[in-house]
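Here is how the chains run, residue by residue.
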Amino acid sequence: MDTKALYKINYGLYVIGAGDKEGGELNAQIANTVIQVCSQPPTIAVCLNKENLTHDMIKKGGAFSVSILAQDTPLSFIGGLGFRSGRDVDKLKDIDYGLDVTGAPVINENAIATIEAKVTSTVDAGKTHTMFIGEVVAAELLRPEEPMTYAYYQQVKRGTTPKTAPSYQEKKPEKEMAKYECSICGYIYDPELGDPESNIKPGISFEDLPDNWHCPVCGAAKAAFKKM
Ligand code: FE
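Below you will find a few notes about this structure. (Residues numbered from 1 in each chain as written. Predicted model: local features only at pLDDT ≥ 70, side-chain atom pairs only at ≥ 80, totals over all residues. Heavy atoms only, no water.)

## What about the coordination of the iron ion?
We count it as follows: The rule for donors is simple: an N, O or S atom within 2.8 Å of the metal counts, and for Na, K and Ca the reach is 3.2 Å. Water is not among the atoms, so a site may look short of donors. Tetrahedral means four donors with every angle between 85 and 135 degrees, whereas square planar (four donors) and octahedral (six donors) require angles over 155 degrees between opposite donors and between 65 and 115 for all others; sites fitting neither are termed irregular. Here a helix means four or more residues in a row that DSSP labels H or I, a strand means two or more in a row labelled E, and each is numbered from the N terminus.
Distances from the iron ion to its protein donors, Cys-182 (SG), Cys-185 (SG), Cys-215 (SG) and Cys-218 (SG), fall at 2.3 Å. Considering all four donor atoms around the iron ion, angles at the metal cover 101 to 116° and the coordination shape is tetrahedral. In terms of primary sequence, the donors binding the iron ion are separated according to C-x2-C-x29-C-x2-C. Linking Cys-185 in the loop between strand S10 (180–182) and strand S11 (188–189) with Cys-218 in the loop between S11 and strand S12 (225–227), this pair joins segments that are 33 residues apart in sequence.

Structure follows, in structure tokens:
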């Protein structure tokens, strides 16, 4: 069995919101596994890791929201929701969200469409994940832009752009400059690409980055990076 075959499955990139009705607590996380599973009534499903706070909140609250992210969503936004736990920080503190139909926070920021669903069944998918199936009770189209795909996020946004990609910029550095990988989230700093979101132009070596530069995905300091 070659499990690399599974890497060829396509995914998107979504924000999942949930609320714990009794305590009034809210949380959100990043997920790539959202699908529509039935048309009458419109029903969607999401698979979440059992260790996640959002997972527990959906179990308690019986509802979840899905925000479909735009292709131009900044890495920092994804990192803020995706590489830390709502148990440690209030992830929604500086984020634009609404409380509409189900009580789950609906994240509008960087979303091209939002959906709310009430859980109709819960499937134990194995050791690590639960699948929540929910009937759609609200849906809104916000912007006409393209949705972010998981492949686009991995290849273009996270800095491992293949040379064949249209976004790749040919730059000839004076000397071969090393790539550095974030030990927290896996983001790769590639000197040939720089870090446009932090105004770092292509051609700047990792060593020459300002001391206060940090990982655009998870916010880790330079010291958390390892040479590749
Ligand atoms: Fe990082």
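## A word on the sheet that holds S12
As a reminder, the rule being used: Two strands qualify as a pair provided DSSP detects at least 2 bridges between them.
Within the open sheet, the three strands sit side by side as S11-S10-S12. Their pairing is antiparallel. Both edges of this open sheet fall to S11 and S12, since each of them pairs with a single strand only. The pairing of S10 with S12 spans three bridges and is classified as antiparallel. Looking at S12, one finds that Tyr-180 is bridged to Lys-227.

## Re the nonpolar core
Selection rule: The set of buried Ala, Val, Leu, Ile, Met, Phe, Trp, Tyr and Cys residues whose side-chain atoms join them within 4.5 Å is what this entry labels a nonpolar core. A 1.4 Å probe rolled over the protein chains alone gives each residue an accessible area, and that area as a share of the maximum for its type sets the label: buried under 20%, exposed over 50%, partly exposed in between.
Val-15, Leu-69, Tyr-187, Tyr-189, Trp-213, Cys-215 and Phe-225 are the most contacted members of the largest nonpolar core, which totals 28 residues. Among the elements that make up this core, the one with the highest residue count is helix H2 (residues 75–82) (four residues).

## Some thoughts on the environment of Ser-76
This is how it is decided: What makes two residues a contact is simply this: any of their non-hydrogen atoms within 4.5 Å.
Checked against the element boundaries, Ser-76 lands in helix H2. Here Ser-76 falls in the partly exposed class, since its relative accessible area comes to 45%. In this structure the C-alpha to C-alpha distance between Ser-76 and Glu-207, which are 131 residues apart in sequence, comes to 22 Å. Beyond its immediate sequence surroundings of up to four residues, Ser-76 is in contact with Glu-197, Pro-216 and Val-217.

## Thoughts on the pattern of salt bridges
Note the threshold: Any Lys or Arg side-chain nitrogen found within 4 Å of a carboxyl oxygen on Asp or Glu counts as a salt bridge.
Enumeration according to the criterion identifies five salt bridges in this entry. Put simply, Lys-50 and Asp-124 hold a salt bridge, and the shortest N to O gap is 2.8 Å. Here Asp-124 lies in strand S8 (residues 111–124) and Lys-50 lies in the loop between strand S4 (42–49) and helix H1 (53–61), a separation of 74 residues in the sequence. Close ionic contact of Lys-179 with Asp-190 constitutes a salt bridge, the shortest N to O distance being 3.8 Å. Placement of the pair is Lys-179 in the loop between helix H3 (150–157) and S10 and Asp-190 in the loop between S11 and S12, with a sequence separation of eleven residues. Residue class for Asp-190 comes out buried when judged on its relative accessible area of 8%. Here the residues in one salt-bridge network are Asp-72, Arg-143 and Glu-145, joined through shared partners.

## Focus on the layout of surface pockets
Rules: Using a 1 Å grid laid over the protein atoms alone, points where a 1.4 Å probe fits but cannot get out form a cavity; open sets with protein on both sides within 12 Å along at least 5 of 7 lines form a pocket; any residue with an atom within 4 Å of a point counts as lining. Grid points are joined across faces, edges and corners, and a volume is the space filled by probe spheres set on the points.
If you add up the space inside the largest pocket, you get close to 500 Å³. Along the walls of the largest pocket sit 29 residues, with Gln-29, Ile-30, Ala-31, Asn-52 and Gly-82 positioned nearest its centre. Counting residues per element, the ones that place at least two in the lining of the largest pocket are strand S2 (25–31), S4, H1, H2 and H3. Considering every element that reaches the lining of the largest pocket, the biggest residue donor is S2, with four residues.

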